[in-house]
Amino acid sequence: MTKKRALISVSDKTGLTDLAQSLLNLNYEIISTGGTAKFLQDNNLAVTAVEEITGFPECFDGRVKTLHPKIHGGLLARRDLESHMLSALKLEIPMIDLVVVNLYPFEETMLKQGDNPPVCIEQIDIGGPAMLRSAAKNYHSVIVLTDTADY
């Protein structure tokens with residue numbers, strides 16, 4: 001049986017340690033980004049940094065983390081199509097079965113920093129919505145969690 005993988009990239013870390021521990025107990029590999037990976041590691045939870053999957057470092061002050069074929073391919077590849085699975089094997093793209101993502105707190109930042117456009121601009125999430133859409137497009141194979149209440 002192939003190991004399940006969860007990609008976790010969240011701004012709101014409420015309940016995250018319990019969720020991650022539960023996933024580890026279910027034998028999931030947890031893949032995570034920057035601050036989320038550090039948070040999980042600081043809580044003594046096993047995590048694979050997204051850079052270990054992509055072979056590419058987070059860059060541009062964290063603007064680019066998950067926008068990579070090895071992430072989106074793992075979300076979008078159709079498990080019911082042999083051609084997709086063969087391509088994933090050839091390209092060494094691991095399948096991702098669960099995405100846990102909540103978006104940057106843009107509205108909250110606007111309320112606090114509305115007079116500081118550069119700070120607000122950095123709260124425009126790109127990777128999170130892209131992962132949500134990729135996972136939703138492959139809803140037969142990928143579970144999405146966005147609300148901490150659903151953990």
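Refer to the structure presented above.
Sequence positions are assigned chain by chain, starting from 1 and proceeding in written order. Local features are withheld for residues below a pLDDT of 70 in this predicted model, meaning they are given only at 70 or higher, and side-chain atom pairs are given and counted only at 80 or more; totals for whole chains, interfaces and linings count all residues. Calculated side-chain values reflect all of the structure's heavy atoms, with hydrogen atoms and water omitted.

Only protein chains enter the area calculation, which uses a 1.4 Å probe; residues under 20% of their type maximum are buried, those over 50% are exposed, and those in between are partly exposed. Per the convention used, a helix needs a DSSP run of H or I reaching at least four residues, while a strand needs a run of E reaching at least two, with both numbered from the N terminus. Buried residues of helix 1 (residues 16–25): L16, L19, A20 and L23, and no others. Along the axis of helix 1, the buried residues cluster in a sector spanning 95 degrees; they form a single face. Across helix 1 from its buried face, at more than 90 degrees, point the exposed residues D18 and N25. Against strand 1 (5–10), strand 2 (29–32), helix 2 (34–42), strand 4 (98–102) and strand 5 (143–145) lie the buried residues of helix 1. This arc is built from the directions going out from the helix axis to the C-beta atoms. In this description, contact between two residues means that some pair of their heavy atoms is separated by no more than 4.5 Å.

The subject of this paragraph is the environment of D150. Position of D150 among the secondary structure elements: in the segment after strand 5. In this structure the C-alpha to C-alpha distance between D150 and N25, which are 125 residues apart in sequence, comes to 18 Å.

Next up on the list: the sheet that holds strand 2. Whether two strands pair comes down to DSSP finding at least two bridges between them. Across the sheet, five strands lie side by side as 3-2-1-4-5; this open sheet has parallel pairing. Two strands lie at the open edges of the sheet, namely strand 3 (48–49) and strand 5, each paired on one side alone. In the sheet, strand 4 pairs with strand 5 via three bridges, with the strands oriented parallel. Across the sheet, V99 pairs through a bridge with V144, a residue of strand 5. Across the sheet, helix 1 is in contact with strand 1, strand 2, strand 4 and strand 5; its angle to strand 1 comes to roughly 170 degrees. Fitting a line to C-alpha atoms yields each axis, with helices limited to the stretch in contact; the angle taken between N-to-C directions then spans 0 to 180 degrees.

The next point concerns the packing of helix 1 against helix 2. Where helix 1 meets helix 2, the closest approach of the two axes is 10 Å, and the angle between their N-to-C directions is 75 degrees. Judged on the interaxial angle alone, helix 2 and helix 1 are roughly perpendicular. Contacts between helix 1 and helix 2 involve L16, T17 and A20 from the former and T36, F39 and L40 from the latter. By the convention adopted, Pro, Cys, Tyr, Trp, Phe, Met, Ile, Leu, Val and Ala count as nonpolar, Lys, Arg, Asp and Glu as charged, and the other residues, Gly among them, as polar. Per-class residue counts for the contact of helix 1 with helix 2 are four nonpolar, two polar and no charged. Every angle not falling under 35 degrees, over 145, or within 65 to 115 is termed oblique; those three ranges are roughly parallel, roughly antiparallel and roughly perpendicular.

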